[in-house]
Each structure stands twice: as C-alpha cells, then as structure tokens.
Amino acid sequence: MVAILWQVIRRRRISLVWWCLGLVAFVVILAIAYPTVRDNSELDRTFAGLPPGVQTLLGLSAANTLTSPVGYLNSQYFANVLPLILLVFAIGLGAWAISGDEAAGTLELLLANPVSRIQVAIARAASLGLLLAILTAVAAAALVTLAPATGLNRGLPLERIVAATVACGFLALAFAAVAFAVGAALGKRSIAMASGATLAIAGYVIEGLAAQVKVLQPIRAASPWHWLIDSDPLRHGLLPESWLLPLAVSLILIALSTVLFARRDLR
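Everything numeric in this text was worked out from a predicted model, so none of it was measured. (Residues numbered from 1 in each chain as written. Predicted model: local features only at pLDDT ≥ 70, side-chain atom pairs only at ≥ 80, totals over all residues. Heavy atoms only, no water.)

Peer 1: Tell me about the overall build of the protein chain, residues and numbers included.
Peer 2: A count of helical and extended segments in the protein chain gives 14 helices and zero strands. Secondary structure of the protein chain in N-to-C order comes out as α-α-α-α-α-α-α-α-α-α-α-α-α-α. Taken over the C-alpha trace, the protein chain has a radius of gyration of 20 Å; the compact-globule value for 267 residues is 18 Å, and the two agree within 12%. Taken over the C-alpha atoms alone, the protein chain extends approximately 65 × 45 × 25 Å along its principal axes. Within the protein chain, residue pairs in contact and separated by at least 24 positions form 76% of the contacts whose partners lie at least 6 positions apart. The protein chain carries 18 positive and 12 negative side-chain charges, and their two centres are separated by 8 Å. (Helix = DSSP H or I, 4+ residues; strand = E, 2+ residues; numbered from the N terminus. Rg over C-alpha atoms; globule rule 2.2 N^0.38 Å. Contact = heavy atoms within 4.5 Å. Lys, Arg positive; Asp, Glu negative; His and termini not counted. Charge placed at Lys NZ, Arg CZ, Asp CG, Glu CD.)

Peer 1: Which residues make up helix α12 (residues 224-231), and what values do they have?
Peer 2: Within α12, seven of the eight residues are buried, which leaves it mostly tucked inside the rest of the structure. You can read the cap of α12 off the contacts: a side-chain oxygen lies 3.1 Å from the backbone nitrogen of tryptophan 225, and it is on serine 223. Aspartate 232, located one to two residues past α12, shows a positive phi value of around 45 degrees. (Buried < 20%, exposed > 50% of the residue type's maximum accessible area, 1.4 Å probe, protein only. Polar contact = N/O pair within 3.5 Å; in protein donor to acceptor, adjacent residues only side chain to side chain.)

Peer 1: Got a sec to walk through the pattern of salt bridges? Specific residues and values, please.
Peer 2: The final tally for this structure, using the stated rule, is four salt bridges. Within the structure, one salt-bridge network assembled from shared partners comprises Arg11, Asp101 and Arg124. (Salt bridge = Lys/Arg side-chain N within 4 Å of Asp/Glu carboxyl O.)

Peer 1: Please provide a residue-by-residue account of the packing of helix α1 (residues 2-37) against helix α8 (residues 117-150), values included.
Peer 2: Viewed as axis vectors pointing N to C, α1 and α8 meet at an angle of 25 degrees, and their least axial separation amounts to 9 Å. One finds that α1 runs roughly parallel with respect to α8. At the point where α1 passes α8, the crossing takes the right-handed sense. In terms of residue class, the contact of α1 with α8 is built from 27 nonpolar, three polar and three charged. (Axes fitted to C-alpha atoms, helices over the stretch in contact; angles between N-to-C directions. Parallel < 35°, antiparallel > 145°, perpendicular 65-115°, else oblique. Left-handed = near helix turned anticlockwise from the far one by under 90°. Nonpolar A, V, L, I, M, F, W, Y, C, P; charged D, E, K, R; others polar.)

And the structure:
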C-alpha cells in the first residue's frame, strides 16, 4: 500500500508544485492588497447594503466588516477563493484516483501485482488525503507568514488562520470523496468529476439562498458548505462541525466505494 501511495505522489508531484506556487502567489497578492482597504469606510458601507444571503456567503456581519481582518479574509479568501482552489484540485484528483487509470487502461497493470483491490482503493484514497493536506498546509503557512507584515493578524490569532485553512481543506475532502466514490463505483471519470462539482456548486448556492428561502434551511444543514460557513473558524476556531462531520462523511463514502470497487467488473 505504501508503494501504491508513493507511486501516486510521484506521478502528481509536478502538478502539486504548480498548484502550491499558484496558491502562494494569490496569498501574496491578497496580503499586499489589505493595507489599501483597511481604512476605507466607504467599502464597509457598500458591502453593508448587500442582501443578507450574499453577506452570509461572504462571512460578513456588523462585527466583521470588510475592512476588518476577519471580514476581509472571510469575504476575499476563506468563503470563496480558497475553497474553490482546493475543491478543483481535490475533486479532479478524487475522480482520477481510480477511474482515471481505469479509463486509461493502466489500472489492470497495477492490479496484476500481488495487491488486492481493497488495498489499491485505500492507498489511492490515502494519497488523495495526503496531497490535499500538503496543499492546505502550504496555504496556511503562506498566509501565517505574511499576515504580521500586512496587519492581517491585528486582533486575529494566527492559529485561527490555520483553523480556517484546515476547515476549507476538510470541505474539499468531503466533495472529493464523492468524486472518488463515484469513480470507484462506476469507473467513469467524467461522471465522477461532474458529481463532485455539481454537489459542491449546489451546496454553495443553497447556502446563499437559504438565508431568504426557509424551505432550503433543512437542506443546507446537511451541506459541508454550511458546516464551514456557519462555524466561522476564523472567529471561533476549529469546531467539530467544521472538520469532524466532513471527515466522517468522507470516510463513509470511501469505505462504501471500496466495497463496490472490490466487487464490480472492471472495464
């Protein structure tokens, strides 16, 4: 299993480096831009006039305006950009983990070795989690390093920045597990990727609309987006609902898909 995991890391190492560099570049721009909006009260008044659903999605409130470190990081990074980057990376990797090799005709070469399908599935799922953890750690390290120099940590402990980044990582893991599960169960990479992406987009839209459409509120309670945005880890730290719930969902999906993968006929 370790050999299979290491094989995935070697195959994805170049793309991972580029993802890390791109994410660090964005964090640099984000941090440098904060001093230009820090004392702009006009921006606070403009964003205060946004609909409640939009403010919820952006993580803004009367106490956390756009010009405050919490409001700025939530609205410009943790509520949208960082989850989107991690989601694209993780869903693509989750869809490729098994169904990608199966579509390419290389999965049978791997299974010709003395390894079981269950070992392959678990190792591929572990590689997904490890690569996502590396990208998440790079994101946290970059922002923690730059925050003191730009005033982003004013009244905001650095461990809260780490907590918010980790929570975004768990959000991405939950939807990546959907893509992994569909790919392992059906062997179709396109359907796997579409499933994870569709659920992620639908969850985000529902989270925004639920502030005004009450019938959607029970639905959003089961969404990883709600677990992230409602817990607001940048203000409250890493609460169980922002990491334990998405982790549990991910493990259940991976376990079920491993059983299905072990039993179905491969293409």
